[in-house]
Amino acid sequence: MLNMEQFTKKLDGLKFDAMYQNDFLLTWDKTGDEIAATFAVADALRHLRENNISSRIFKSGLAVSLFRDNSTRTRFSYASAANLLGLAVQDLDEGKSQIAHGETVRETANMISFMADVIGIRDDMYIGKGNAYMREVAESVEQGHKDGVLEQRPTLVNLQCDIDHPTQSMADMNHIIHHFGGVENLKGKKIAMTWAYSPSYGKPLSVPQGIIGLMSRFGMEVSLAHPKGYEVMGDVEKVAAENATKSGGKFTKTNSMAEAFENADIVYPKSWAPFAAMEKRTNLYAEGNQAGINALEKELLAENANHKDWECTEALMKTTKGGNALYMHCLPADITGVSCKEGEVEASVFDRYRVPLYKEAGYKAYIIAAMIFLSKCENPQAVLKALAGNQKQRWFK
Amino acid sequence: MLNMEQFTKKLDGLKFDAMYQNDFLLTWDKTGDEIAATFAVADALRHLRENNISSRIFKSGLAVSLFRDNSTRTRFSYASAANLLGLAVQDLDEGKSQIAHGETVRETANMISFMADVIGIRDDMYIGKGNAYMREVAESVEQGHKDGVLEQRPTLVNLQCDIDHPTQSMADMNHIIHHFGGVENLKGKKIAMTWAYSPSYGKPLSVPQGIIGLMSRFGMEVSLAHPKGYEVMGDVEKVAAENATKSGGKFTKTNSMAEAFENADIVYPKSWAPFAAMEKRTNLYAEGNQAGINALEKELLAENANHKDWECTEALMKTTKGGNALYMHCLPADITGVSCKEGEVEASVFDRYRVPLYKEAGYKAYIIAAMIFLSKCENPQAVLKALAGNQKQRWFK
Amino acid sequence: MLNMEQFTKKLDGLKFDAMYQNDFLLTWDKTGDEIAATFAVADALRHLRENNISSRIFKSGLAVSLFRDNSTRTRFSYASAANLLGLAVQDLDEGKSQIAHGETVRETANMISFMADVIGIRDDMYIGKGNAYMREVAESVEQGHKDGVLEQRPTLVNLQCDIDHPTQSMADMNHIIHHFGGVENLKGKKIAMTWAYSPSYGKPLSVPQGIIGLMSRFGMEVSLAHPKGYEVMGDVEKVAAENATKSGGKFTKTNSMAEAFENADIVYPKSWAPFAAMEKRTNLYAEGNQAGINALEKELLAENANHKDWECTEALMKTTKGGNALYMHCLPADITGVSCKEGEVEASVFDRYRVPLYKEAGYKAYIIAAMIFLSKCENPQAVLKALAGNQKQRWFK
């Protein structure tokens, strides 16, 4: 029989009962114990699957999927997580239009939830809207459950919003933990979350924000670097600063990529759009001002082009701790000479880190499954042990 | 162990063996016993789910879904029903174009059915086409099964056609039954199925037709109200009239919303397009006459605007039985000052009935599941008892 | 208990261990034993299903579906096969654009495969691209598995490419085997794979190529007939010629439909586009030369129209062996006077063969399931016996 105790013992020492029947919207809404429990369950579910043991906890049930933008990685991760637990994915196609409010949200949220166990939402296009929409949906189904409309209360999972991208940052963090051999080894390590040049425009802020909002909780030095004008949301910087203080780490800001890379243990160079510009774009969309949107795009691309030197080069990598910091990216990356003429990262750097990058991405499905699992199991330790004990093969060879 | 006898005893007294391996296309094709059996099974499946008992009767199998128009409510209800019984939904995307006939229908029907247990079709856009198409598909798979092409014969479920919307009207009826504490309490009650103003155009007739065609079977007075010119299909009115006579109820028509609301126990105010106009539109589409379609739309919107006083107001609600008739709608409703400037219902009325309206919608998935269940189980009582006895948890917490 | 020995005994005499954890891309990549094993497993899975025994070998897992073109038959066959074995279909929508290469393919292949057990790809639009893309995906996931990125290595199934259409030709072949009462009865039989006129343009070559590449392995005479200029890929003709020599059959070519039909036991009249023209079209697409594409289309339709006499008529059918050759088609066929004015086949011929044609199509889902099964089961005989022994009902009535 499988040894699940390595995982359940970790859980035994943690307090995470508030996760039961609850959503996962922002990592900083969760306690340190809850974050740790999520990693433990993700690893446990992975262990089950790698040992060909089914972790279906549902014989039927729906995982609603609402993506307001194209997505391959997150969509497949969500579908994989749902399937791993026994849920069928059902897409809700609302298009890319700005989201409805009030009555429409309340009604739709209930109409899709009569047999929904989970609702995964990706809505990162409009500043001030995505996370707010998720909360509106959450409140609607909460009320629906209280009113006796919904037999069960579906769990909301934030698959990327305007503020945070918790399934990404949690997957990234689990990659870091495994890479460094445990969370206890991270104290004092330096992670550089830095802007990098991309020939495309309007990349979401939720990745850098998610990274600084989460990585600042483990006693590391989080160095946020970007050209002037590429500021992220002030509120999230505040979260990062407070987290750093509490965890005995540091949160620093710089306008120099070199400074951030200097002696870093981990580097995460990635393009994003300035928060202020994204706010402006949101308003232009709300006004239906296409000319303004086009003008803004031109302006932003021109501004980007002033910072082509923000590239993760071999030379820069040499300045990191031992010359071999862990290079990270949420993928796809803009690779110089491969996917574009000039981009975020030199091809030889990317090549060298391809396998770890793919592994990094591989954590996401398990993180999502863990978020669902912890929301759906009142006693996760008992359920994990039962799954291991049942020994039901996932794949009967 | 769960008490399923409350449901199976009801079934024991009913004759519904003709439902086995049969379709559900129009409620008036079904006997009173068959309608009653559907309600009983819907309630039984709900009872199982609410007690966390799996009602999967399929280990594998497909539920084909063919929607010729956007849909959220019905699509999710169908997906939920399929999932509840263990079937995977597979979409057949034929677009919104007018439907093929003859060889193409016969061939496609067989090609999608090699492992299909159910085919759900929504096709309400063209008068004279939707239901006819469903029957063509049904005959094709019937023949395919006889010819040894299809190992099993998929069940057709009408998810809305040009004539009837049986999953809607059956869900609505089950809501009424539960609201009034049993079908035996409905004799002599009055239900007002009335037109209401909407700023949009071309809403299908299948809801009012489905309502008068079904609700007239329970000894109630069904009052159909609409402005002159907004007549529904004459054939369905005939069905309603005959049903009313047989059941000891009444079917009345009026051009006054006030008259219909007067002393009503139930009101169902909802916009629809005139049957004659929809027939005209169907012909214009067949001719590809876009100018004609546009002209007709303008004309119909203008005609609609003459009847803005057809609104379900608080004042009108006061005239109903005890001032508190059960307000019903298939959703989404056009709510005055909320989803439109002037609409079908005053916001305060809608607000007051929100919870019952959501509950009304919640019956649909179980109704669809019951239709499938009765078509797929030779001995539904035995299967229900076995499911309850197996005690397989749907959701292992 | 079900008698599975009729199938497992066949398997006992065959060597097919190389199919385990392997892809199915071209029939001529497979040995005769491997082809025979696929038919045996397809028949076994069908026997299980027809006896209402579940053949789920997966409790969870994804079957990724990547279709670069609309498809109903193959899509439903793939979905059916996946569902039969317990996998959920997850679509990857890459649109119809020409396919990316290198980094993008490698990355996407891994990103979709963390929990994917199968990847089915249909990509037949561009000469020199479809099969090459599948091999790139296969190499990427192979490498990903070796690198520890992918826990399991998904199986690639070719659902139609520019070269071969193995799930079609294998289904067709199984139909032939069953029609003639066993593969041992095929020696010396004549099959005419002939071009036929169609008013549409650009039909893929993979069907005739797949047919001559596979049917030439069973000691039959394969006669390939088409008007001058409608040559298929030379490489595949070579395969067919070599196969024929090895199997003691014949591979002949002619520009006369009458000659091919003469005394044929099986006829497969079907339109396709000339290989040279398809190559030209691929280049025009690569150049984005829409004017060139339009001109080529005109030219090809005009050329097609010179060969309206290439129709499978009653008169031609009379010249076949006993006047009753088995008429085959991958469907949908262009039926004269039914789906078009002048087409591939006379309506009365098609009518007479409708039931066998539908049955022919019905083999595909089982063939795909068998391909997956043989790739996923180390000991297929043991698994088949276990499934039969378990007696788990697919459909609990």
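We now turn to the structure provided with this report.

## Considerations on the overall build of chain A
Okay, so step 1: When helices and strands are counted, chain A shows 15 helices and nine strands.
Okay, so step 2: A compact globule built from 397 residues should have a C-alpha radius of gyration of about 21 Å, and chain A, at 21 Å, falls within 12% of that.
Okay, so step 3: In terms of overall dimensions, chain A has a C-alpha envelope of 55 × 50 × 45 Å along the principal axes.
Okay, so step 4: Counting every position in chain A, which comprises 397 residues, the buried fraction comes to 63%.
Okay, so step 5: Accessible area of chain A: about 13700 Å², with a carbon and sulfur share of 48%.

## Section: the relation of the copies chain C and chain B
Okay, so step 1: Overlay of chain C on chain B (RMSD 0.0 Å): rotation 120 degrees, translation along the axis 0.0 Å. Such a combination of rotation and displacement between the chain copies is what one expects of a three-fold axis. Across chain C, the rotation axis passes nearest the C-alpha of A88 of chain C, at a separation of 4.5 Å.
Okay, so step 2: Of all interface residues in chain C, a mere 3% are interface residues in chain B too; the two copies therefore contact each other through different surfaces.

## Quick look at the interface of chain A and chain B
Many authors give the size of an interface as the accessible area that is lost as the parts come together.
Okay, so step 1: The partner chain B presents 32 residues to the 34 residues of chain A that form the contact.
Okay, so step 2: Summing the contributions of chain A and of chain B, the shared interface buries around 3100 Å²; its carbon and sulfur component is 60%.
Okay, so step 3: When the area that chain A buries against chain B is broken down by residue, the three leading residues are K59, M111 and M115 of chain A, summing to 23%.
Okay, so step 4: Inspection of the chain A/chain B interface yields three salt bridges.

## With respect to helix α7 (residues 206–215) of chain A
Okay, so step 1: Along α7 of chain A, ten of the ten residues are buried, which leaves the element largely enclosed by surrounding structure.
Okay, so step 2: Regarding α7 of chain A, the residues found buried are S206, V207, P208, Q209, G210, I211, I212, G213, L214 and M215 of chain A.

## Regarding the state of the cysteines
Every disulfide links exactly two cysteines, by a covalent bond between their sulfur atoms.
All names here are of chain C.
Okay, so step 1: One pass over the full model with this rule turns up zero disulfides over all chains.
Okay, so step 2: Considering cysteine sulfurs only, C312 is the nearest to C340, which forms no disulfide, with 13 Å between them.
Okay, so step 3: With relative accessibility at 14%, the residue C340 sits in the buried group.

## Considering the sheet that holds strand β4 (residues 155–158) of chain C
Residue and element names in this part refer to chain C.
Okay, so step 1: The sheet built from four strands is open, its strands ordered β2-β1-β3-β4 with parallel pairing. Each end of this open sheet is capped by a strand with a single partner; those strands are β2 (88–91) and β4. If you compare each strand with its neighbour and ignore which way they point, the axes differ by 25 degrees on average.
Okay, so step 2: Of the strand pairs in this sheet, strand β3 (residues 116–122) and β4 are connected by four bridges, and their pairing is parallel. Bridge assignment links G120 to a residue of β4, and that residue is V157.
Okay, so step 3: Here helix α5 (residues 130–146) sits on the sheet in contact with β1 (62–67), β3 and β4, set at roughly 170 degrees to β4.
Okay, so step 4: Together, β3 and β4 form the strand contacts of helix α14 (residues 354–376), whose direction differs from that of β4 by roughly 155 degrees.

## Topic: the interface of chain C and chain B
Okay, so step 1: The interface of chain C with chain B comprises 31 residues on the first partner and 34 residues on the second.
Okay, so step 2: At the junction of chain C with chain B, the criterion picks out three salt bridges.
Okay, so step 3: E107 of chain B is the partner of R73 of chain C in a salt bridge, and the nearest nitrogen-oxygen pair spans 2.7 Å.
Okay, so step 4: Taken together, the links from chain C to chain B amount to twelve residue pairs in polar contact (both at pLDDT 80 or more).
Okay, so step 5: If you list the elements that add at least two residues to the side of chain C that touches chain B, you get α2 (32–50), α3 (73–85) and α14 of chain C.
Okay, so step 6: The element that contributes the greatest number of residues to the side of chain C that touches chain B is α14 of chain C, accounting for eight residues.

## Description of the packing of helix α4 (residues 103–111) of chain A against helix α5 (residues 130–146) of chain A
Residues and elements named next belong to chain A.
Okay, so step 1: Running from amino to carboxyl end, α4 crosses α5 at an angle of 60 degrees, the nearest separation of the two axes being 8 Å. Our classification of the angle between α4 and α5 gives oblique. Of the two elements, α4 crosses α5, and the hand of that crossing is right-handed. In contact with V105, R106, A109 and N110 of α4, α5 contributes Y133, E136, V137, S140, V141 and G144.
Okay, so step 2: Classifying every residue of the contact of α4 with α5 by side-chain character gives five nonpolar, three polar and two charged.

## Thoughts on the relation of the copies chain A and chain B
Each of the two chain copies can be generated from the other by rotation about an axis followed by a shift along it.
Okay, so step 1: At an RMSD of 0.0 Å, chain A and chain B line up after a rotation of 120 degrees and a shift of 0.0 Å along the axis.
Okay, so step 2: Little of the interface of chain A is mirrored in chain B, where only 3% of its interface residues again form contacts.

## Quick look at the pattern of salt bridges
When the charged atoms of two side chains lie near each other, side chains of opposite charge can form a pair.
Okay, so step 1: Under the criterion given, the structure shown has 48 salt bridges over all chains.
Okay, so step 2: A salt bridge links D123 of chain A to R68 of chain A, with the nearest nitrogen and oxygen atoms 3.3 Å apart. Taken together, the residues D123 of chain A in the loop between β3 (116–122) and α5 and R68 of chain A in the loop between β1 (62–67) and α3 (73–85) connect sequence positions 55 residues apart.
Okay, so step 3: Accessibility expressed as a relative area gives 1% for R68 of chain A, which makes it buried.
Okay, so step 4: Notably, a salt bridge pairs D334 of chain C with K203 of chain C, separated by 2.8 Å at the nearest N-O pair. Of this pair, D334 of chain C sits in the loop between β9 (326–327) and α13 (347–352) while K203 of chain C sits in the loop between β5 (190–194) and α7 (206–215), and the two are 131 residues apart along the sequence.

## Side note on the sheet that holds strand β7 (residues 250–254) of chain B
All names here are of chain B.
Okay, so step 1: Spatially, five strands are ordered β7-β6-β5-β8-β9 in an open sheet, and the strand pairing comes out parallel. Here the strands that pair on one side only, and so sit at the sheet edges, are β7 and β9 (326–327).
Okay, so step 2: Direction of pairing for strand β5 (residues 190–194) relative to strand β6 (residues 221–225): parallel, over a ladder of five bridges. Among the inter-strand pairings, M193 is bridged to a residue of β6, identified as L224.
Okay, so step 3: Across the sheet, helix α8 (residues 234–247) is in contact with β6 and β7; its angle to β7 comes to roughly 140 degrees.

## Things to note about helix α6 (residues 166–179) of chain B
All names here are of chain B.
Okay, so step 1: With 14 residues, α6 should reach 20 Å at 1.5 Å per residue; the first-to-last C-alpha distance of 19 Å fits that figure.
Okay, so step 2: Summarising burial for α6: twelve of the 14 residues are buried, a large majority.
Okay, so step 3: What α6 keeps buried is the set P166, T167, Q168, S169, M170, A171, D172, M173, N174, H175, I176 and I177.

## Description of the pairing of strand β6 (residues 221–225) of chain C
Residues and elements named next belong to chain C.
Okay, so step 1: Burial runs high along β6: four of the five residues are buried.
Okay, so step 2: In this fold, β5 hands off to α7, which returns the chain to β6; that crossover is right-handed.
Okay, so step 3: The pairing of β6 with strand β7 (residues 250–254) spans five bridges and is classified as parallel. Bridge pairing in β7 places L224 opposite K253.
Okay, so step 4: Chirality of the crossover, the property in question, places the unit of β6, helix α8 (residues 234–247) and β7 among those that are right-handed.

## What about the environment of M220 of chain C?
All names here are of chain C.
Okay, so step 1: One can find M220 in the loop between α7 and β6.
Okay, so step 2: By relative accessible area, M220 is classed as buried at 0%.
Okay, so step 3: As for M220 and K190, which are separated by 30 residues in sequence, their C-alpha atoms are 5.6 Å apart.

## Re the packing of aromatic side chains
Okay, so step 1: For the coordinates displayed, the defined rule picks out 15 aromatic pairs over all chains.
Okay, so step 2: A network of ring pairs unites the aromatic residues W195, Y230 and W310 of chain A as a single cluster.
Okay, so step 3: Positioned above the aromatic ring of Y363 of chain B is the side chain of R46 of chain B, whose terminal nitrogen or guanidinium carbon lies 4.9 Å from the ring centre.

## Thoughts on the side chain of N174 of chain B
All names here are of chain B.
Okay, so step 1: By secondary structure assignment, the location of N174 is in helix α6.
Okay, so step 2: Accessibility expressed as a relative area gives 1% for N174, which makes it buried.
Okay, so step 3: Those residues in contact with N174 that lie beyond four places of it in its chain are F39, A42, D43, Y363 and I367.

## Some details on the environment of Y268 of chain A
Residues and elements named next belong to chain A.
Okay, so step 1: Positionally, Y268 belongs in strand β8 (residues 266–269).
Okay, so step 2: Here Y268 falls in the buried class, since its relative accessible area comes to 0%.
Okay, so step 3: Taking the C-alpha atoms as reference points, Y268 and T194, separated by 74 residues in sequence, lie 6.1 Å from one another.
Okay, so step 4: Excluding residues that lie within four positions of it along the chain, Y268 makes contacts with Q168, D172, A192, M193, T194, V207, I211, M328, H329, C330 and E360.
Okay, so step 5: A polar contact is formed between the side chain of Y268 and the backbone nitrogen of C330, at a distance of 3.4 Å.

Calculation notes
Residues numbered from 1 in each chain as written. Chains lettered and ligands numbered in written order. Predicted model: local features only at pLDDT ≥ 70, side-chain atom pairs only at ≥ 80, totals over all residues. Heavy atoms only, no water. Helix = DSSP H or I, 4+ residues; strand = E, 2+ residues; numbered from the N terminus. Rg over C-alpha atoms; globule rule 2.2 N^0.38 Å. Buried < 20%, exposed > 50% of the residue type's maximum accessible area, 1.4 Å probe, protein only. Areas by Shrake-Rupley, 256 points an atom, 1.4 Å probe, with all protein chains shown as cover. Least-squares fit on C-alpha atoms with pLDDT ≥ 70 in both. Contact = heavy atoms within 4.5 Å. Buried area = accessible area lost by both parts, 1.4 Å probe. Salt bridge = Lys/Arg side-chain N within 4 Å of Asp/Glu carboxyl O. Disulfide = S-S within 2.5 Å. Pairing = 2+ DSSP bridges. Axes fitted to C-alpha atoms, helices over the stretch in contact; angles between N-to-C directions. Polar contact = N/O pair within 3.5 Å; in protein donor to acceptor, adjacent residues only side chain to side chain. Parallel < 35°, antiparallel > 145°, perpendicular 65-115°, else oblique. Left-handed = near helix turned anticlockwise from the far one by under 90°. Nonpolar A, V, L, I, M, F, W, Y, C, P; charged D, E, K, R; others polar. Expected span 1.5 Å × (residues − 1). Right-handed = clockwise from strand over helix to strand, strands pointing away. Phe/Tyr/Trp six-rings, centres within 6.5 Å; stacked < 30°, edge-to-face > 60°. Lys NZ or Arg CZ within 6 Å of the ring centre and 35° of its normal.

Limitation: the analysis is restricted to geometry and does not speak to function.
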